[in-house]
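Structural overview
This is what each chain is made of:
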Amino acid sequence: RMKRVYLDVCALCRPFDDQSQARIRAESTSIDLILNAARRKKIELVVSSAHDAEVKAIRDAEERYQLNMRLAMLGSRVEFDRHAAQRRADELVLKGFGIADAAHVAIAEQVEADFISVDDRLLRKCMRHAMKVWCGTPLAFCDREGLR
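Our subject in this report is the structure included herewith. Going along each chain's sequence as written, the residues are numbered from 1 onward. Where totals are concerned, whole chains, interfaces and linings use all residues; where local detail is concerned, this predicted model gives features only for residues with pLDDT of at least 70, and gives and counts side-chain atom pairs only at 80 or more. Hydrogen atoms and water are omitted, and side-chain values are computed over all heavy atoms in the structure.

**Regarding the sheet that holds strand E5 (residues 135-136)**
Two strands qualify as a pair provided DSSP detects at least 2 bridges between them. Starting at the N terminus, helices and strands are each numbered in turn, a helix being any DSSP run of H or I of at least four residues and a strand any DSSP run of E of at least two. The strand order E3-E2-E1-E4-E5 describes an open sheet built from five strands, whose pairing is parallel. The open sheet has two edge strands, strand E3 (75-76) and E5, and neither has a second partner. As judged from the two bridges shared by strand E2 (residues 44-46) and E3, these two strands associate in the parallel manner. Bridging across to E3, Leu45 finds its partner in Gly75. Contacts were defined at the residue level, with two residues in contact if any of their heavy atoms lie within 4.5 Å. Each axis is a line fitted through C-alpha atoms, and for a helix only the stretch in contact is used; angles between axes span 0 to 180 degrees, taken between their N-to-C directions. Packing of helix H2 (residues 22-39) onto the sheet brings it into contact with strand E1 (4-7), E2 and strand E4 (114-116), and relative to E1 it is tilted by some 140 degrees.

The structure is reproduced here in structure tokens:
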């Protein structure tokens, strides 16, 4: 099976952030590499209802449109046990995860997708609570997978 990747919305939004900081530029470049790998069918970009809800709340109409287009064109919706994902999300909320973050991580675990975020606090929580999938930054993923 093709490697599955789950980008949270803060990672997907990185290319729309102010690019004046080197870290943000590097993360944006990494996100572009990941999206290009999905475009070339080298990886499977997983899209979920958690993405839909979070993207729908983005105020900037152009950013919201661009994200919806990218997800529709490059992403795939995969089957998973929604009840099990909800139970896992509830567990994660009890461990201090935000509701949206818990949903994203729980779904990534359900579909066995590498979980990618640019949120350092979220990734520290993932490391502390030993997630069932690889969790890391877009840069770390690109290094690990040899995406250039």
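**What to know about the side chain of His104**
Tracing the backbone shows His104 in helix H6 (residues 99-110). Under the rule applied, a polar contact is a pair of N or O atoms within 3.5 Å (in protein, one hydrogen donor and one hydrogen acceptor; residues adjacent in sequence only if both atoms are side-chain atoms). A distance of 2.7 Å separates the side chain of His104 from the side chain of Tyr6, its partner in a polar contact. With residues up to four places along the chain from it excluded, the contact list for His104 reads Tyr6, Asp8, Val9, Ala50, His51, Glu54 and Phe115.

**Brief notes about the packing of helix H3 (residues 49-56) against helix H4 (residues 61-74)**
Here H3 crosses H4 at 165 degrees, and the two axes come no closer than 10 Å. Overall, the two elements H3 and H4 adopt an arrangement that is roughly antiparallel. Where H3 crosses over H4, the two elements pack in a sense that is left-handed. Residue-level inspection shows His51, Val55 and Lys56 of H3 in contact with H4, the latter providing Arg64, Leu67, Asn68 and Leu71. Each residue gets one label: Ala, Val, Leu, Ile, Met, Phe, Trp, Tyr, Cys and Pro are nonpolar, Asp, Glu, Lys and Arg are charged, and the others, such as Gly, are polar. Grouping the constituent residues of the contact of H3 with H4 by class yields three nonpolar, two polar and two charged. Roughly parallel means an angle under 35 degrees; roughly antiparallel means over 145; roughly perpendicular covers 65 to 115; every other angle is labelled oblique. Helix crossings fall into two classes, left-handed where the near helix is turned counterclockwise from the far one by less than a right angle and right-handed where it is turned clockwise.

**A few points about the pattern of salt bridges**
Definition used for salt bridges: Asp or Glu carboxyl oxygen within 4 Å of a side-chain nitrogen of Lys or Arg. With the rule as written, the count across this model stands at 13 salt bridges. Put simply, Glu112 and Arg1 hold a salt bridge, and the shortest N to O gap is 3.6 Å. One end of the pair, Glu112, is in the loop between H6 and E4; the other, Arg1, is in the segment before E1, with 111 residues separating them in the sequence. Between Arg4 and Glu44 there is a salt bridge whose closest N-O contact spans 3.0 Å. Taken together, the residues Arg4 in strand E1 and Glu44 in strand E2 connect sequence positions 40 residues apart. Think of it in three bands: residues with accessible area under 20% of the maximum for their type are buried, residues over 50% are exposed, and the middle band is partly exposed, with areas taken using a 1.4 Å probe on protein chains only. According to the relative accessible area criterion, Arg4 is buried, its value standing at 14%. In the salt-bridge network here, residues are joined through shared partners; they are Arg14, Asp17, Arg23, Glu27 and Asp120.

**Quick notes on the packing of H2 against helix H8 (residues 138-145)**
In contact at an axis separation of 8 Å, H2 and H8 are set at 50 degrees when each is read in the N-to-C sense. Classed by the angle they form, the pair H2 and H8 counts as oblique. Here H2 runs over H8; the crossing is left-handed. Taken together, the residues of H8 that come into contact with H2 (itself represented by Ala26, Glu27, Ser30, Ile31, Leu33 and Ile34) are Pro138, Leu139, Phe141 and Cys142. Residue classes in the contact of H2 with H8 are distributed as eight nonpolar, one polar and one charged.

**A look at H3**
Within H3 the residues assigned to the buried category are Ala50, His51 and Val55. Burial along H3 is one-sided: seen end-on, the buried residues are contained in an arc of 120 degrees. Among the exposed residues of H3, those pointing more than 90 degrees away from its buried face are Ala53 and Lys56. Looking at the buried residues of H3, the elements they touch are E1, helix H1 (9-12), E2, H4 and H6. Measuring from the backbone nitrogen of Ala50 back to the side-chain oxygen at the start of H3 gives 3.1 Å, which picks out Ser48 as the cap. By arc we mean the arc of the directions from the helix axis to the C-beta atoms, nothing more.

Don't take any of this as a statement about function, it's just geometry.
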